[in-house]
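In case you want the letters, here they are:
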Number of protein chains: 2
Amino acid sequence: MTNVRPPNLSDARFSQALRELTSIVGAPNVQTSADRLSDYADPFTPQPMARAFAASAVVLPGSADEIREVLAIARAYRLPLWPVSTGRNFAYGGGAPRLTGSVVLDLRRMNRILEVDETLAYALVEPGVTYFDLYSYLRGRDSHLWIDPAAAGWGSVIGNTLERGFGYTAYGDHAAHQCGMEVMLASGELVRTGMGAIEIGRAWQLYKAGFGPSYDTMFMQSNFGIVTKMGLWLMPRPDAYLIAHVKLPREGDLDAAVETLRPLKLDETIRNHAVIEGAIRHAAGVSARSDWYDGAGPLPDSVVDEIVARLDIGRWNVHFAIYGEPNLVEARFAIARRAFARLPGARIEANRYGPHTEPAGGGEGNMAGIPAMSAFRMLDWRGGTGAHVDFSPICPFKGGDAMRQYSVAKARLAEYGFDYYGGFTAGERHLHHIVATIFDRTDPKQTDAAADLQRVLMSDARSEGYGVYRTHLATMDFAASQYDFNDGVLLRMSETIKDALDPDGILAPGKSGVWPRVWRGRRGDI
Amino acid sequence: MTNVRPPNLSDARFSQALRELTSIVGAPNVQTSADRLSDYADPFTPQPMARAFAASAVVLPGSADEIREVLAIARAYRLPLWPVSTGRNFAYGGGAPRLTGSVVLDLRRMNRILEVDETLAYALVEPGVTYFDLYSYLRGRDSHLWIDPAAAGWGSVIGNTLERGFGYTAYGDHAAHQCGMEVMLASGELVRTGMGAIEIGRAWQLYKAGFGPSYDTMFMQSNFGIVTKMGLWLMPRPDAYLIAHVKLPREGDLDAAVETLRPLKLDETIRNHAVIEGAIRHAAGVSARSDWYDGAGPLPDSVVDEIVARLDIGRWNVHFAIYGEPNLVEARFAIARRAFARLPGARIEANRYGPHTEPAGGGEGNMAGIPAMSAFRMLDWRGGTGAHVDFSPICPFKGGDAMRQYSVAKARLAEYGFDYYGGFTAGERHLHHIVATIFDRTDPKQTDAAADLQRVLMSDARSEGYGVYRTHLATMDFAASQYDFNDGVLLRMSETIKDALDPDGILAPGKSGVWPRVWRGRRGDI
């Protein structure tokens, strides 16, 4: 037995609940050893916080029927559950629960690829299916469909989509390419959204809305239900594609990069989730910080300039892809190249791939639908036991906004002793600005500073009118409190719906700042 | 005073409620005369049904603050309200309420275009803004942005989007191009969704989801709140565009048309909401039925063939548009033309427009972002006082499904004495199949047959696994009951949320089959 238990249960009651859970899923699928539970602690959570987000047990159901029985037990005991698809929500909490003592409900055993339709270009998957799994499955069948991988290929397709993660191809907006869900409510009732409610389900993965109010987006970043199946659209493999890299020499070029990219996105010259990454993020893929500098505090600008020169990269680096029939690819690239060539000092390269060639992997691989784990190279940047926590504000797709977010964050990171490790990923009218605070977990000073910094970054952003799209367990309440129009009515509406759908408050208390009535007093507790 | 009143109020109580409403919005904005109320009866509703959907009064608030006070009165009296943006939901009920005796809350006075952002290509509008209004506003400012009009340009932008209407350009999926809402709940609380909850709202119209559960789609085809502001994305005016027409000679060519169009949509050669319309729909734009035939029953196939020959159209007619830089437009058209040219007997024409030319209007105008009322020409097809009611199943984007839906509907229409007047509009992986039953309202036999037919068409579809995306007031309960997976749990979830957000049941009882607790006994009543 572990030393953490659900806050509302005695040891005896908790033991009794675990015995009942074991009778449903079997002994190997109820785990309480400290060793196994440690797998569910986010390895990136700064240590002092990790104790605040400790699981009391892990239950791994094998089917929706088992989940239903687990829910019945949870309702009877008022046992808080923390459902995860596979628990790889790294930098935002991993598999750890918001409310300490919750039981993690890990769905990784439910890992079937239920359907792939080559004609209509979609898949239907269970929560345990990872990007690697789906990729291998399609490759093994010589499918003409691509996946759009998340940054880390080991992540769950459902998990990433529900957290509104994003990728790199033209299907990079994962939430936008989701179509149809099966969701189990806290009551144990199984709902199919959209056209899935037409029983034989001809159009479940084809048309999102169905008839009447539509709910899929309500189950994202949410604790209103457990998603047990999800449809996603897959991109047909293009005849040819080109991956372009633009190197821009000056720090201030971010503004022009954004201003140049926006019209190319809006007129659909560039359809993929193009990326504008800072020099350090680029450098961290191929080197360690200690290769360049061993002083205290953030890298001086002069060192960043040296990195840029020695690695022959840009101070900002734009990466984009164009897919399609070869002539069209070239014609669209000509337009994009002309636009970027106007920027002083811009250097533009492109690699072309065809039906029988593809990138070796890494960043280009992601833009070609090939999942990888290369994003984790960043962990070696700072040395020691690398970890990171991400600050992820939404940025209007304008150069001035990007520069403002960048400048404020860079200065604040420097104040806390960190480098600006970040970049912007292009949606249609917004940019996802992702700033990773990289720290050595074995260094308590760095770790504490990294933790403190996150709220400061979020406050800075809020005061300029920006909000985050996603955040770590430790800052979920803080983020939710920033979405405070009209005295926080949005969150109150969420909690009204929460109480209606989950009156016992068993599903993921505190997720995204939404607390069920029975646990509402815990808001803000860490 | 009219002869209809809310079913739960005495004449005296209702009069008292109206006096209180008048004190809020002013006497001219509370209307009860039979003459004014008749404007809110759907002119297309078959007469016997019209009495079942009669408004007791119309209230026209001028602001969100007035709506809040109206809601307080409605809660106090348990007065059912039927909010409409402008009430032009023709063929699905117009401005008429589902529950007879409801007070129509008509938002047409709230008709400000609050913001147009030329750089980020969006608008923020109030419910009373029509497609004509927004179009005129943009033209008057020499905007470089297009609208995507609904079939009838007089419709409300918000109203059409909330009903999940669609248009003809690359932004034809109106719900998909909506971003950010302001919604007043039954409580009078004003919610802003997505990034709008960040008070100064920099990204409200730029990123849909915000943080945590996201709700915009839950307020579509819904009675959970009153949408008072809505953002929508606008398409940048293309350098050039081409509108193509493919005429296919045989009835069976529908299959090949769909099979040809699908890969062109999936690989993004064609990005607009292409249309495949049947010969009669095409003919109704330029002629009347009596020009061709005056026998009883549906047009014989031989007459349809004669129409096709004489008008030099196809038995099926595909219309699509390609937008962009002139060379790209031609390159993409070459691909599409090659594909359609493979179909035996296909004839392909294209009209090209540039920065200084545009279509004269009508069907081509819609594909160029120009709103029109030409869709109403169909009303003259049958003669007498023309009306129509629409059967609108979602069709998988496959030739076999389209042929099946077409054949079953055509046979059933013929059985009831109607022509197949229909077509398919192309989404990404589905088709909106729209079948209009056109009837003469002054002919009781036609009118009754048209009404009876709708449920039969829906039952036919359901037995093949198809469901409708939208339906008339008279069949909302019937449609909702078809979405019956797991004993109708989706509808039960909707009603759980409804009761939580609107415990007094004042907002649009029965909308999309969702009934609040206090009116649930009315389900199925007409």
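Refer to the structure presented above.
Residues numbered from 1 in each chain as written. Chains lettered and ligands numbered in written order. Predicted model: local features only at pLDDT ≥ 70, side-chain atom pairs only at ≥ 80, totals over all residues. Heavy atoms only, no water.

(A) Local environment of the nonpolar core. Counting residues in each nonpolar core, the largest one holds 338 residues, and the members touching the most others are Leu134 and Phe320 of chain A together with Leu134 and Phe320 of chain B. Discounting chain neighbours no more than four positions away, the residues touching Phe320 of chain B are Leu242, Ile243, Ala244, Val246, Ile270, Asn272, Ala274, Phe333, Ala336, Phe340 and Met367 of chain B. Of all hydrophobic cores here, the second largest spans 28 residues; its members include Val25, Val30, Leu105 and Met184 of chain A. (Core = buried A, V, L, I, M, F, W, Y, C linked by side-chain atoms within 4.5 Å. Buried < 20%, exposed > 50% of the residue type's maximum accessible area, 1.4 Å probe, protein only. Contact = heavy atoms within 4.5 Å.)

(B) Focus on the interface of chain B and chain A. Facing the 86 residues of chain B at the interface are 86 residues of chain A. Of the roughly 7600 Å² buried where chain B meets chain A, counting both sides, 66% is carbon and sulfur surface. Ranking the residues of chain B by area buried against chain A places Phe211, Arg429 and Phe485 of chain B at the top, with a combined share of 13%. Here chain B is connected to chain A by 30 residue pairs in polar contact (both at pLDDT 80 or more). At eleven residues, helix α15 (residues 485-501) of chain B tops the list of elements feeding residues into the side of chain B that touches chain A. (Buried area = accessible area lost by both parts, 1.4 Å probe. Polar contact = N/O pair within 3.5 Å; in protein donor to acceptor, adjacent residues only side chain to side chain. Helix = DSSP H or I, 4+ residues; strand = E, 2+ residues; numbered from the N terminus.)

(C) Representation of the relation of the copies chain B and chain A in the model. Its rotation angle being 180 degrees, the transformation that places chain B on chain A also includes 0.0 Å of axial translation and leaves an RMSD of 0.0 Å. With respect to symmetry, the two chain copies, as superposed, fit the operation of a two-fold axis. (Least-squares fit on C-alpha atoms with pLDDT ≥ 70 in both.)

(D) Spotlight on helix α12 (residues 399-415) of chain A. Residue and element names in this part refer to chain A. Over its 17 residues, α12 runs 24 Å from end to end, which matches the ideal 24 Å to within 8%, given 1.5 Å per residue. If you check which residues of α12 are buried, you get Gly399, Asp401, Ala402, Gln405, Tyr406, Ala409 and Leu413. Taken end-on, α12 shows its buried residues confined to a sector of 160 degrees, consistent with a single buried face. Those residues of α12 that are buried lie in contact with α7 (253-266), β14 (316-324), β17 (394-396), β18 (421-426), β19 (430-440) and α13 (444-463). Once α12 finishes, Gly417 follows within two positions and takes phi at roughly 90 degrees, a positive value. (Expected span 1.5 Å × (residues − 1). Arc of directions from axis to C-beta.)

(E) Broad picture of the sheet that holds strand β8 (residues 178-184) of chain A. Residues and elements named next belong to chain A. One open sheet holds the five strands; their spatial order is β5-β6-β10-β8-β9, and the pairing between them is antiparallel. Edge positions in the sheet fall to β5 (113-117) and β9 (190-192), since each has one partner strand and no second. Each adjacent strand pair in this sheet contributes to an overall mean axis angle of 10 degrees, direction not counted. Direction of pairing for strand β6 (residues 122-125) relative to strand β10 (residues 226-233): antiparallel, over a ladder of four bridges. Among the inter-strand pairings, Leu124 is bridged to a residue of β10, identified as Gly231. Its contacts with the sheet place helix α5 (residues 131-140) against β5, β6 and β10, and it is angled at close to 50 degrees to β5. (Pairing = 2+ DSSP bridges. Axes fitted to C-alpha atoms, helices over the stretch in contact; angles between N-to-C directions.)

(F) View of the sheet that holds strand β2 (residues 57-59) of chain B. All names here are of chain B. Taking strand neighbours across the sheet as the criterion, the four strands line up as β1-β2-β4-β3 in an open arrangement whose pairing is mixed. With one partner strand each, in any of the chains shown, β1 (30-31) and β3 (81-84) form the two edges of the open sheet. Where β3 and strand β4 (residues 103-106) come together, four bridges link them in parallel fashion. Paired with Leu81 across the two strands is Val103, which belongs to β4. Each of β2, β3 and β4 touches helix α4 (residues 64-77); the most contacted strand, β3, lies at about 160 degrees to it.

(G) Up close: the pattern of salt bridges. The tally for this structure, following the rule as stated, stands at 78 salt bridges over all chains. Between Asp301 of chain A and Arg315 of chain A there is a salt bridge, with the nearest N and O atoms lying 3.2 Å from each other. Here Asp301 of chain A is found in helix α9 (residues 301-311), whereas its partner Arg315 of chain A is found in the loop between α9 and β14, with 14 residues between them in sequence. Using a relative accessible area of 34% as the deciding quantity, one classes Asp301 of chain A as partly exposed. We note a salt bridge from Asp484 of chain B to Arg462 of chain B, for which the minimum N-O separation is 2.8 Å. Note that Asp484 of chain B is positioned in the loop between α14 (476-482) and α15 and Arg462 of chain B in helix α13 (residues 444-463), a separation of 22 residues in sequence. Of the residues examined, Asp484 of chain B reaches a relative accessible area of 28% and is grouped as partly exposed. (Salt bridge = Lys/Arg side-chain N within 4 Å of Asp/Glu carboxyl O.)

(H) Geometry of the side chain of Asp216 of chain B. All names here are of chain B. Structurally, Asp216 can be placed in the loop between β9 (190-192) and β10 (226-233). Despite its burial, Asp216 pairs with no opposite charge; the closest candidate is Lys208, at 8.1 Å N-O. Side-chain polar atoms of Asp216 contact the side chain of Gln178, separated by 2.7 Å. Within the structure, the side chain of Asp216 is placed 3.3 Å from the backbone nitrogen of Gly180, a separation counted as a polar contact. Not counting residues within four places of it along the chain, the set of residues in contact with Asp216 comprises Gln178, Cys179, Gly180, Met181 and Thr193. (Lys, Arg positive; Asp, Glu negative; His and termini not counted.)

(I) Structural detail: the packing of aromatic side chains. Residue and element names in this part refer to chain A. Within this structure, the stated rule accounts for 30 aromatic pairs over all chains. Judged by centre distance (5.8 Å) and plane angle (20 degrees), the rings of Phe320 and Phe340 are stacked. Remark: Phe340 occurs in helix α10 (residues 326-341) and Phe320 occurs in strand β14; sequence separation between them is 20 residues. One exposure class covers both Phe320 and Phe340, and it is buried. Site record: aromatic cluster; members linked through ring pairs are Trp146, Tyr241, Tyr323 and Tyr353. (Phe/Tyr/Trp six-rings, centres within 6.5 Å; stacked < 30°, edge-to-face > 60°.)

(J) How the structure looks around unusual backbone geometry. Residues and elements named next belong to chain A. Despite not being glycine, Asp142 shows a phi value in the positive range, around 55 degrees. Residue placement: Asp142 occurs in the loop between α5 and β7 (145-146). Even without a glycine there, the phi angle at Arg164 is positive, about 60 degrees. Here Arg164 lies in the loop between α6 (157-162) and β8. With a relative accessible area of 4%, Arg164 lands in the buried category.

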